[in-house]
Amino acid sequence: MSGDSDCTRTSPSAGSPSDNEFLPDRPKYVCTLSPDLITKAREELQEKPEWRLRDVQALRDMVCKDYPSLGTCLDDAFLLRFLRARKFDYDRALQLLVNYHTCRRSWPEVFNNLKPSAIKPVLESGFVTVLPCLDPEGRHVVCIRPDRWTPSNYPITENIRAIYLTLEKLIQSEETQVNGIVILADYKGVSLSKASHFGPFVAKKVIGILQDGFPIRIKAVNIINEPRIFKGIFAIIKPFLKEKIANRFFLHGCDLNSLHQNIPPVILPEEYGGTSGKLDISAWNELLLASEEDFLHDFSQLVLPCDSSPHDMLVSGDADEKQCDDSLRGMKPQLYYCY
């Protein structure tokens, strides 16, 4: 990978000599999609294999023209993630890429020293894992269990770091870029005191990343075992959700049959009425921890430039934090009422 943010060298224009002439060490993209997924990408994402590299080069040129100091990786495979996430709309893919970097730079508590070994306690708690089997649509299922978190052990931002690294690992797969993911969140045992850590400021940040700052397609969010307090949590979340994403939330309560209509029992662990055995977090933890060097290499390509505040980046400052703190004070009565 090339981490050089000087676009006059890393991204020649359409009329310039080829990339290889300038950067012989840039990895050459090789498609790993099956014929069926190539067809799916064409139909759902408007991805045309014969135009793929042309589209990547167009996005690369836009980055270098509009954001020469962005400090991003410009490899084909990396940029392709953003094109797929925005159905090959150049402008929307560019904004997603800019937002991706802005989110990383505006929340140092989450993104400083971000590597698997740094969030090992979260992984060992079982707060987040990925089920071993894909669903019928070829999607990974990310399982989140807030009851596994003890707030006195570490702040909520550590959980967010673990989720982010999980998504970063998943999105490396071209299959995931095309198929998207499914989330299964088990809210069993979530108390009022624990819910209070997820106020509007954190909610806005997290949802901003997932909706507008990360190149992944979230196809469904299944909530299971949600207590009455979840009405208050969802009241905090909903104002920040786009309608399309809000419509992908499914609240199942304790009804496993309802869950099974969305996620088949054959891929679910016994804890959720499935037939795939006990939930095992060790395989995913080992995979993520074994990726430490890959993450260090990939994140080293994301250089923080001296001037990293383009006028249309999604930024958050003291005003946003104050506004969210005010919102939290307004939401607390709802939380107590629902509890």
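Please refer to the structure placed before this passage.
Remember, it's a predicted structure, so these values are computed and weren't measured experimentally. Along each chain, residues carry numbers from 1 onward, in the same order as the chain's sequence is written. Two thresholds apply to this predicted model, a pLDDT of at least 70 for residue-level local features and 80 or more for giving and counting side-chain atom pairs, whereas whole-chain, interface and lining totals are computed over all residues. Values shown for side chains rest on all heavy atoms present in the structure; no hydrogens or waters enter the calculation.

## Section: the overall build of the protein
Here is step 1 of the chain: Counting from the N terminus, the helices are DSSP H or I runs at least four residues long and the strands are E runs at least two residues long. Tallying secondary structure elements over the protein gives 18 helices and 5 strands in all.
Here is step 2 of the chain: Relative to its 339 residues, the protein shows a buried fraction of 51%.
Here is step 3 of the chain: The long-range share in the protein, meaning contacts at least 24 apart out of those at least 6 apart in sequence, stands at 78%. For every residue, the accessible area obtained with a 1.4 Å probe (protein chains only) is divided by the maximum for its type, and the residue is called buried under 20%, exposed over 50%, and partly exposed between those limits. The contact definition used throughout considers only heavy atoms, calling two residues in contact when any of these lie within 4.5 Å.

## Examining helix α16 (residues 282–289)
Here is step 1 of the chain: Listed as buried for α16 are W284, N285 and L288. In a view along the axis of α16, the buried residues occupy a sector of 100°, so they form one face of it.
Here is step 2 of the chain: On its buried side, α16 packs onto α8 (120–125), β1 (128–130), α9 (156–170) and α17 (292–300). Relevant arc is that of directions from the helix axis to the C-beta atoms, nothing else.

## Some remarks on the side chain of R145
Here is step 1 of the chain: Take R145: it is sitting in the loop between β2 (140–144) and α9.
Here is step 2 of the chain: Positive charges come from Lys and Arg, negative ones from Asp and Glu, while His and the chain ends are left out of the count. Salt bridge criterion: a side-chain nitrogen from Lys or Arg within 4 Å of a carboxyl oxygen from Asp or Glu. D147 provides the closest opposite charge to the buried, unpaired R145, separated from it by 5.4 Å.
Here is step 3 of the chain: Those residues in contact with R145 that lie beyond four places of it in its chain are G126, F127, D186, Y272, L279 and I281.

## Notes on the packing of aromatic side chains
Here is step 1 of the chain: Aromatic pairs are defined between Phe, Tyr and Trp rings, using the six-membered ring for Trp, whenever the two ring centres lie within 6.5 Å; interplanar angles under 30 degrees are classed as stacked, those over 60 as edge-to-face, and all others as tilted. Counted under the stated rule, the structure contains 8 aromatic pairs.
Here is step 2 of the chain: When the centroid spacing of 5.4 Å and the interplanar angle of 80° are considered together, the rings of F82 and Y100 count as edge-to-face. One end of the pair, F82, is in helix α5 (residues 76–85); the other, Y100, is in helix α6 (residues 90–106), and 18 residues separate them in sequence.
Here is step 3 of the chain: Relative accessible area serves as the criterion here: at 0%, F82 is assigned to the buried category.
Here is step 4 of the chain: When its relative accessible area of 2% is taken as the criterion, Y100 is described as buried.
Here is step 5 of the chain: Members of the aromatic cluster, connected to one another through ring pairs, are F78, F82, Y100, F111, Y164 and F214.

## Some points on the environment of R54
Here is step 1 of the chain: Within the secondary structure layout, R54 lies in helix α4 (residues 52–66).
Here is step 2 of the chain: Side-chain atoms alone can form a polar contact between residues adjacent in sequence; in general such a contact is a pair of N or O atoms within 3.5 Å, and within protein one must be able to donate a hydrogen while the other accepts it. Looking at R54, its side chain comes within polar contact range of the side chain of D55, at 2.8 Å.

## Describing the pairing of strand β3 (residues 181–186)
Here is step 1 of the chain: Most of β3 sits inside the fold, with 6 of its 6 residues counted as buried.
Here is step 2 of the chain: What you see with β3 is no split at all: I181, I183 and A185 on one side and V182, L184 and D186 on the other are buried throughout.
Here is step 3 of the chain: For two strands to be treated as a pair, DSSP must find at least two bridges joining them. As defined by bridge partners, β2 adjoins β3 across 5 bridges and the pair is classed as parallel. Counted as the bridge partner of I144 is A185 from β3.

## So, the pattern of salt bridges
Here is step 1 of the chain: For the coordinates displayed, the defined rule picks out 13 salt bridges.
Here is step 2 of the chain: The closest approach of N and O atoms between D212 and K242, which form a salt bridge, is 2.6 Å. Residue D212 is found in helix α12 (residues 200–212), and its partner K242 is found in the loop between α13 (229–237) and α14 (243–246); the two are separated by 30 residues along the sequence.
Here is step 3 of the chain: We classify K242 as partly exposed; its relative accessible area is 42%.

## Focus: α13
Here is step 1 of the chain: Of all 9 residues making up α13, 7 are buried, and the element is well covered by its neighbours.
Here is step 2 of the chain: Along α13, the positions that sit buried rather than exposed are I229, F230, G232, I233, F234, I236 and I237.

## Examining empty space enclosed by the protein
Here is step 1 of the chain: A 1.4 Å probe that fits but cannot get out identifies a cavity on a 1 Å grid over protein atoms alone, an open set with protein on both sides within 12 Å along at least five of seven lines counts as a pocket, and a residue lines either if it has an atom within 4 Å of a point. Grid points are joined across faces, edges and corners, and a volume is the space filled by probe spheres set on the points. Scanning the model with the defined rule gives 2 cavities of 30 Å³ or more in all.
Here is step 2 of the chain: Looking at the largest cavity, its volume works out to about 90 Å³.
Here is step 3 of the chain: Every residue lining the largest cavity is counted, 12 residues in all, and those nearest its centre are F78, R81, E168, D298 and F299.
Here is step 4 of the chain: For the lining of the largest cavity, the elements supplying multiple residues, two or more each, are α5 and α17.
Here is step 5 of the chain: No other element matches α17, which puts 3 residues into the lining of the largest cavity.

## Here's the deal with the pairing of strand β4 (residues 218–224)
Here is step 1 of the chain: Counting buried positions along β4 yields 6 of 7 residues, so the element is predominantly enclosed.
Here is step 2 of the chain: Sheet analysis places β3 next to β4, joined by 6 bridges and oriented parallel. Bridge pairing in β4 places A185 opposite I223.

## Observations concerning the sheet that holds β1
Here is step 1 of the chain: Ordered by their spatial adjacency, 5 strands build an open sheet running β1-β2-β3-β4-β5, and the pairing between neighbours is mixed. The sheet is open, and its two borders are formed by β1 and β5 (249–251), each paired with just one other strand. Each neighbouring strand pair of the sheet contributes to a mean axis angle of 20°, computed without reference to strand direction.
Here is step 2 of the chain: In this structure, β4 lies alongside β5, joined through 3 bridges in parallel fashion. If you follow I223 over to β5, its bridge partner there is L251. Comment: axis = line fitted to C-alpha atoms, over the contacting stretch for helices; angle = value between 0 and 180 degrees taken between N-to-C directions.

## Some words on the packing of α4 against α6
Here is step 1 of the chain: At their nearest, the axes of α4 and α6 sit 10 Å apart, and the two run at 55° to each other. Relative to α6, the element α4 lies oblique. For the pair α4 and α6, the crossing hand works out as right-handed. Here R54, D55, A58, L59, M62, V63 and D66 of α4 come into contact with α6, specifically with Y90, D91, A93, L94 and L97.
Here is step 2 of the chain: Gly counts as polar in this scheme, as do all residues outside two lists: the nonpolar Ala, Val, Leu, Ile, Met, Phe, Trp, Tyr, Cys and Pro, and the charged Asp, Glu, Lys and Arg. Class assignment for the residues of the contact of α4 with α6 results in 8 nonpolar, no polar and 4 charged. In this scheme, roughly parallel covers angles under 35 degrees and roughly antiparallel covers those over 145, while 65 to 115 is roughly perpendicular and the rest are oblique. Throughout, a crossing is termed right-handed when the near helix is turned clockwise from the far one, and left-handed when it is turned anticlockwise from it by less than a right angle.

Scope: geometric values only; no functional claims are made or implied.
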